[in-house]
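Below are the chains, spelled out letter by letter.
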Amino acid sequence: MTKQEYKNYFKFASKRYIAYILITCTALFLPFVRIGGNQFFLLSFERGELHLLFAKFNVQELFLMPFVLIIFFIFIFFMTNLGGRVWCGWSCPQTIFRTIYRDLIQTKILKIRKSVSNKQTQAESGVKNVLAIAIWSVLSFIAAANFLWLFVPPQDFFAQISDPAEHKILLGAWLVIAAFLIFDVAFLGENFCVYVCPYARVQSVMIDGDSVQVIYDEARGGKIFDGQTKLWKKPPEPQNECTGCEACVKICPTHIDIRKGMQLECINCLECVDACTKTMSGLNLPSLISWTSSNSLKTKQKVRYLRFKTVGYCAIIAIAATALTLMSAKKENMLLNINRTSELYKVNKSGEVENAYVFLFENTDANAHEFYFDVSAEEAKAQIKIERPKAQISLKAGEKKKVVVVLSAPKAAFAGTNEQTTKIKIHAYAADDKEKINIKRQTIFAHPSK
């Protein structure tokens, strides 16, 4: 094989492997990257926290999650409309895992399979195959732990897993996920993509004639299939360029013949494109299989990437991202819930009306702070005083604390009103950073009417 042929043969394969390495390294190491004590993404049910883009949000701020999910799914729809099942072939963990197991462990390391260019032969059972499963089992536990780090911070994961008796749920989740990955990758294989994954079923409604797909050029190569019926291995007409080598069939991980046309099983891995490029380069001809759109193949024009659907998807993503950004900017570095006690009010010996509340303070900032609050009433006559607490409330980063609050006001302040409640405003703040950390809440102060 010449240098140019070698370069052509690995045109897509090398790029795909680079993408796999980048995605794998990012997924493995990103949970360990912390800025201000926060991860890039973490949904911790135990802590009641959401970390998003290295910012921490309380469980009460989970209204941001729908925007994250909208962006994720619309992006998948956008990529499907633009490039078919490009997600499956270039980013899906299932495809990456199968490549590691089949092409790296079974073929390159243990030599169970003869070549990565022929994926139709099944690996023979034996000691080497057991060893391959054992190697993948170790990697499965790493991958399962990596998935759990989206919900349990790595430092918490390692601390809890070292004491499995006290953290049986985490241990059980780790074992179940790892067992599924072992069965899925080592035994189920590409059948997961063909029969289990729902994405294959919904992709057909997302693509159109301008979606980039893996397409066999029937006009050049010749007609191989008539519907579901295979006519011949090599087209008989002399102008047909397909050699009938079926290298594209042998290398396909989902065991399809791309010359039949678009099929749900095709994951856009482009292995058949590389295989055909290698064969046709020996004839000084371009590949019969290419990554293009059906309209582009017919008209011999460039692929139309900018069209109504793709622009529409981009607009929706932009709107959702803008909404997420605006919502994130309103993050509060402290939370305060106010609940009144069951007692309506009390008049003490001094003739003052007292109301009792339970304040739930939560410090959502990354640093410890001293918190306190002021009280003001909408009625100017109502002079609300803080009876307790007198001291500031110390909270560590992420700490919650319930505080019983007693407010009082002279009974005479309400002598001229028929109302039995007065609206009051609570202005809570961090005493050491009042400008940055402060919030306002509204509640009522109960009292006798005139």
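Parameters at a glance
Residues numbered from 1 in each chain as written. Predicted model: local features only at pLDDT ≥ 70, side-chain atom pairs only at ≥ 80, totals over all residues. Heavy atoms only, no water. Pairing = 2+ DSSP bridges. Helix = DSSP H or I, 4+ residues; strand = E, 2+ residues; numbered from the N terminus. Axes fitted to C-alpha atoms, helices over the stretch in contact; angles between N-to-C directions. Core = buried A, V, L, I, M, F, W, Y, C linked by side-chain atoms within 4.5 Å. Buried < 20%, exposed > 50% of the residue type's maximum accessible area, 1.4 Å probe, protein only. Contact = heavy atoms within 4.5 Å. Domains from an automatic or database assignment. Expected span 1.5 Å × (residues − 1). Arc of directions from axis to C-beta. UniProt positions renumbered as here; feature names shortened; annotations may be inferred.

Participant: Before we move on, can you summarise the sheet that holds strand β15 (residues 421–430) with the specific residues and values?
Facilitator: Overall, antiparallel pairing links the 4 strands, which are arranged β13-β11-β15-β16 in an open sheet. Sheet topology places β13 (393–395) and β16 (438–446) at the edges, where each strand pairs with a single neighbour. Strand-to-strand twist in this sheet, taken as the mean axis angle between neighbours without regard to direction, amounts to 30°. Strand direction decides the pairing type here: strand β11 (residues 369–377) and β15, joined by 7 bridges, are antiparallel. Bridging across to β15, Tyr-372 finds its partner in Tyr-429.

Participant: Tell me what's going on with the nonpolar core, and back it up with residues and numbers.
Facilitator: A general feature of soluble globular proteins is that nonpolar side chains tend to end up buried together. Membership of the largest hydrophobic core comes to 28 residues, with the highest contact counts inside it found for Phe-361, Phe-373, Leu-407 and Phe-445. Elements supplying a minimum of two residues to this core: β8 (334–340), β10 (352–363), β11, β13, β14 (400–410), β15 and β16. Ranked by the residues each element gives to this core, the list is headed by β15, at 5 residues. When near neighbours in sequence (up to four residues on either side) are disregarded, Phe-361 contacts Met-334, Leu-335, Leu-336, Phe-371, Phe-373, Ile-393, Leu-395, Glu-399, Lys-400, Lys-401, Val-403 and Ala-428. Tyr-101, Ile-133, Ala-143 and Phe-157 belong to the second-largest nonpolar core, a separate cluster that totals 23 residues.

Participant: Outline unusual backbone geometry, listing residues and values.
Facilitator: With an omega of 5°, the peptide bond running from Arg-388 to Pro-389 counts as cis. Summarising the element assignment, Pro-389 is placed in the loop between β12 (385–388) and β13. The residue Lys-111 is not glycine, and still its phi comes out positive at about 60°. Position of Lys-111 relative to the elements: it lies in the loop between α5 (93–109) and α6 (127–148). If you check the backbone angles, Asn-284 has positive phi at about 60° while not being a glycine.

Participant: Which residues make up the pairing of β14, and what are the values?
Facilitator: Looking at chain direction, β10 and β14 are connected through 11 bridges and run antiparallel. Counted as the bridge partner of Val-358 is Val-404 from β14.

Participant: So, the domain arrangement of the chain: which residues are in play, and what are the values?
Facilitator: When the domains of the chain are assigned, the result is domain 1 (1–32 + 84–300) and domain 2 (334–446). Spacing between the C-alpha centres of domain 1 and domain 2 amounts to 61 Å.

Participant: Can you break down helix α2 (residues 11–29) residue by residue, with the values?
Facilitator: Across its 19 residues, α2 extends 28 Å between first and last C-alpha, which sits within 8% of the 27 Å expected from 1.5 Å per residue. Listed in full, the buried residues belonging to α2 are Phe-12, Ala-13, Arg-16 and Tyr-20. Buried residues of α2, seen end-on, are gathered within an arc of 95° and therefore sit on one face of the element. Exposed positions of α2 whose direction lies more than 90 degrees from the buried face are Ile-21, Leu-22 and Phe-29. Buried residues along α2 sit against α4 (86–90), α5, α13 (271–281) and β7 (289–292).

Participant: Explain the UniProt feature "transmembrane region" (unreviewed entry) in the chain to me, and be specific about the residues and the numbers.
Facilitator: UniProt marks residues 20–42, 62–80, 130–152, 172–197 and 310–329 with the feature "transmembrane region" (unreviewed entry), using the numbering shown here. With 43% helix and 9% strand, the stretch residues 20–42 has end C-alpha atoms that lie 23 Å from each other. Note that residues 172–197 is 88% helix and 0% strand, and that its end C-alpha atoms are spaced 24 Å apart.

Participant: So, the side chain of Gln-39: which residues are in play, and what are the values?
Facilitator: By secondary structure assignment, the location of Gln-39 is in the loop between α2 and β1 (41–44). With relative accessibility at 1%, the residue Gln-39 sits in the buried group. Setting aside its immediate chain neighbours within four residues, Gln-39 contacts Pro-31, Val-33, Arg-34, His-51, Leu-52, Leu-53, Phe-54, Trp-149, Pro-153 and Pro-154.

Participant: Describe the pairing of β15, naming the residues involved and giving the relevant values.
Facilitator: Here β15 runs beside β16; their pairing, made up of 9 bridges, is antiparallel. When the sheet's bridge partners are listed, Lys-423 is paired in β16 with Ile-444.

Participant: Let's hear about the environment of Leu-110: which residues, and what values?
Facilitator: One can find Leu-110 in the loop between α5 and α6. When its relative accessible area of 10% is taken as the criterion, Leu-110 is described as buried. Residues Leu-110 and Cys-266, 156 residues apart in the sequence, show an inter-C-alpha distance of 28 Å. Residues within four places of Leu-110 in sequence aside, it is in contact with Ile-105, Lys-128, Leu-131, Ala-132 and Ile-135.

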